[in-house]
Amino acid sequence: MTASRARRNFQRAETYLSAGHVDAATGALQAVLAEMPGHVPALLKLSALHLMAGACTPANQLTLHATRQTIDSPGLALQLIGQLVALGQSTLVLDICSQLPPPMWDSPQNLAAVAQQLSRVGAHRMARAYARAAVDKDPRHPPSLYMAAHIEVFFGEVDAAADLLERALHLYPDLSDAHWLLSRLRRPDPAARIDRIERALARAAQTEDQAFIAYALHNELHDLGDFKRAFVALERACRAKRAGLDYDAGATRNVFTRLQQWSAAELSADGSEDHQLTPIFIVGLHRSGTTLVERIIGGHSQVSAAGETYELPTQLRLASGRYSSSVVDEHMVAARQSLNYRHIGDGYLAGMRWRARERPWVTDKLPSNFFNIGFIARALPHARFIHVSRDPIDTGLSSLRTLFSTACPYSYDQQEFVSYHGWQRELMAHWRALLPERILELTYEDVVANPLAAAQRMSDFCGLPFEPGMIDIERSSDPVATASSVLVRDGIRRDRGRLWQSYAEQLKPLIDAFA
C-alpha cells in the first residue's frame, strides 16, 4: 500500500510539473518521501526544484541522501550524476563513475551524457573514455560523434576531432554545434564548408541553432579573409545568442558596487589552516589571456593546472545556502560577514585535491573569480592571485567572436561589454588597494612579448624556483577546455594583437570607448 501511494503521488508530481504547477509538484514529492524516504526519483526531482528556487542547502541534502540509496537503472544513475554536477560535487561524481565504467552503460546516448557531465567538472581524461565508448557502441550516433570530437579538441587531437565531426554532419547535416566546433579547428579550404553552413543556417528554426551556425559561418569567413561578410554573420550570431539570455545589466552593476564596499577589516585571517595545497587563482575578463598564463605557470613541475573550476562558487553556495547560476550574487555578498570561512577554505581544498594530482600547488583559472577575491583571500590566506588584462578592444572583439555557454552574457553587445569592462576595472582597483601584496598584475601583451620574464615574475611571486621550460606550453599534454583550446597548441603566438583592425569600421563603439 505504501509503495502504491508513493507511486500515485509521484505520478501526480510529474503531472503538476508538466502543467507548470511547481508548488503542487513540491507537495506531491514531499508526500512520496513521507511514504518512502529513499525514493531516488523523488529525491532528485525535489532537489532540482529547490535549486530552481535558489535553495542550495535542501537541494544538496536531498541529493546526498540519494547517493546512499540503491540506483537500479542507468537513467537514474545519469540523473544523479547530473544533479551532483549541478551542485558542484565533483568528487562524488568521480566516485560514482569509477564504480560504473563504460562497459556497464546500456546506450551511446547515456555514455555520451556521462562524458559531458564528467567534462563539466574537469575530469576530461575520464570523460574521454566514455565518449570513445559511446562511438564504439554506435559509430553512427551523431551526438556521440560530436561529444567525442569535443573532448578530443581539449587534448589537441584536431585531426581526429575533424574526422568525427565530418562523420556526424554526414549523418545529420543540421547538427548545429558540430558546424560550430568544426569551424573552430581552422581546417584548410574554408570555402568548401561555407555553402554547407549557409544551407544549414537557412533551415535553422531555433535561435540557439541559429547562434551556433551563424558563429560557424563567421569563423569560416574570417579565416577566408572575407571580413565584411564575416562581421554580418557575427552580428547575426550575437543577436541570436543574446536573445536567449536573461542578462540584467543593472543587477550586475549592483553586485560590482556591493563588492566595492568590502573593507580591509573584513579580511581577517579566519580561513583554512591547511597549507599543504596552495591554490593560484588566475583571474581577469574572459579572452584576456588567462589560458596562456595558466599554461605557463602550470608548466612548473610543482604545479597542477586544473583549468576552469567552479569549486569556489560551490563552496560559497554551500556556505550561504543560496544557489545562483552566477559565481556570486547580491545575497552572498550581503551575507559575507556571517559565513564560515574556515569551512569554505577547507571545502575548497578538499574539492581540489583530485585536480592537484599530488602536487603542492594547483591553479584555478575561472576568470570570473575576480568577483570572489575577497571571499578567497579570507577563506584561503595562503592563496595567490594573478590578474591578467589585455588591450580592451582586442578583448572586446575576441569576446564578441566567442560563443560561450552561459558565461559572459554581456559579451554579445559592444556597449554592454564596454560597461562591464569599466566595472571590472574598478573592482580590481579596489581589490588591489586591499590586497597589494597578494595580487600579481600581468598584461597579455607583456607575456607574449617576453614570456621568460613573465614566467620569472610568476615564479618569484608564488615562491617557486624558476624553471625555464615553463614557457614551452606546446609540449604539455594537459587538456585545455577553454575557448583557447585550439590556438594554445601552437605555443606562444605573437600575432593575436590588434586583430580588430580588420573590423575597425564595425567596431566603432568599442574603439570610441577605449580610444
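Everything below is about the structure shown above.
What you see is a predicted model; the values in this text were computed from it and never measured.

Conventions and cut-offs
Residues numbered from 1 in each chain as written. Predicted model: local features only at pLDDT ≥ 70, side-chain atom pairs only at ≥ 80, totals over all residues. Heavy atoms only, no water. Pairing = 2+ DSSP bridges. Helix = DSSP H or I, 4+ residues; strand = E, 2+ residues; numbered from the N terminus. Axes fitted to C-alpha atoms, helices over the stretch in contact; angles between N-to-C directions. Contact = heavy atoms within 4.5 Å. Phe/Tyr/Trp six-rings, centres within 6.5 Å; stacked < 30°, edge-to-face > 60°. Buried < 20%, exposed > 50% of the residue type's maximum accessible area, 1.4 Å probe, protein only. Lys NZ or Arg CZ within 6 Å of the ring centre and 35° of its normal. Disulfide = S-S within 2.5 Å. Salt bridge = Lys/Arg side-chain N within 4 Å of Asp/Glu carboxyl O.

Draft legend 1. Structural detail: the sheet that holds strand 2 (residues 303-305). The strand order across the open sheet built from 5 strands is 2-3-1-4-5, with neighbouring strands paired in parallel fashion. The open sheet has two edge strands with one neighbour each: strand 2 and strand 5 (439-443). Each adjacent strand pair in this sheet contributes to an overall mean axis angle of 25°, direction not counted. Strands in contact with helix 16 (residues 290-297) are strand 1 (278-283), strand 2, strand 3 (361-364), strand 4 (384-389) and strand 5; relative to strand 1, the strand with the most contacts, it is inclined by about 155°. The strands touched by helix 19 (residues 341-356) within the sheet are strand 1, strand 2 and strand 3, with strand 3 carrying the most contacts at an inclination of about 105°.

Draft legend 2. Representation of the packing of aromatic side chains. Tallying each qualifying case throughout the model produces 16 aromatic pairs. Centre to centre, the rings of Phe256 and Tyr420 are 5.3 Å apart; their planes meet at 85°, and the pair counts as edge-to-face. Linking Phe256 in helix 15 (residues 249-259) with Tyr420 in helix 22 (residues 414-434), this pair joins segments that are 164 residues apart in sequence. For the pair Phe256 and Tyr420, a shared accessibility class is recorded, and that class is buried. Over the aromatic face of Tyr444 sits the side chain of Arg390, whose NZ or CZ is 4.7 Å from the ring centroid.

Draft legend 3. Structural view of the state of the cysteines. Applying the stated criterion across every chain, the model contains 0 disulfides. You can see Cys238 has no disulfide; the closest cysteine sulfur is in Cys408, sitting 12 Å from it. With relative accessibility at 6%, the residue Cys238 sits in the buried group.

Draft legend 4. Quick peek at the pattern of salt bridges. Within this structure, the stated rule accounts for 23 salt bridges. Its salt-bridge partner being Arg342, residue Glu273 comes within 2.8 Å of it at the nearest N-O pair. Taken as a pair, Glu273 in the loop between helix 15 and strand 1 and Arg342 in helix 19 lie far apart in primary sequence, 69 residues in all. Judged by its relative accessible area of 62%, Glu273 is exposed.

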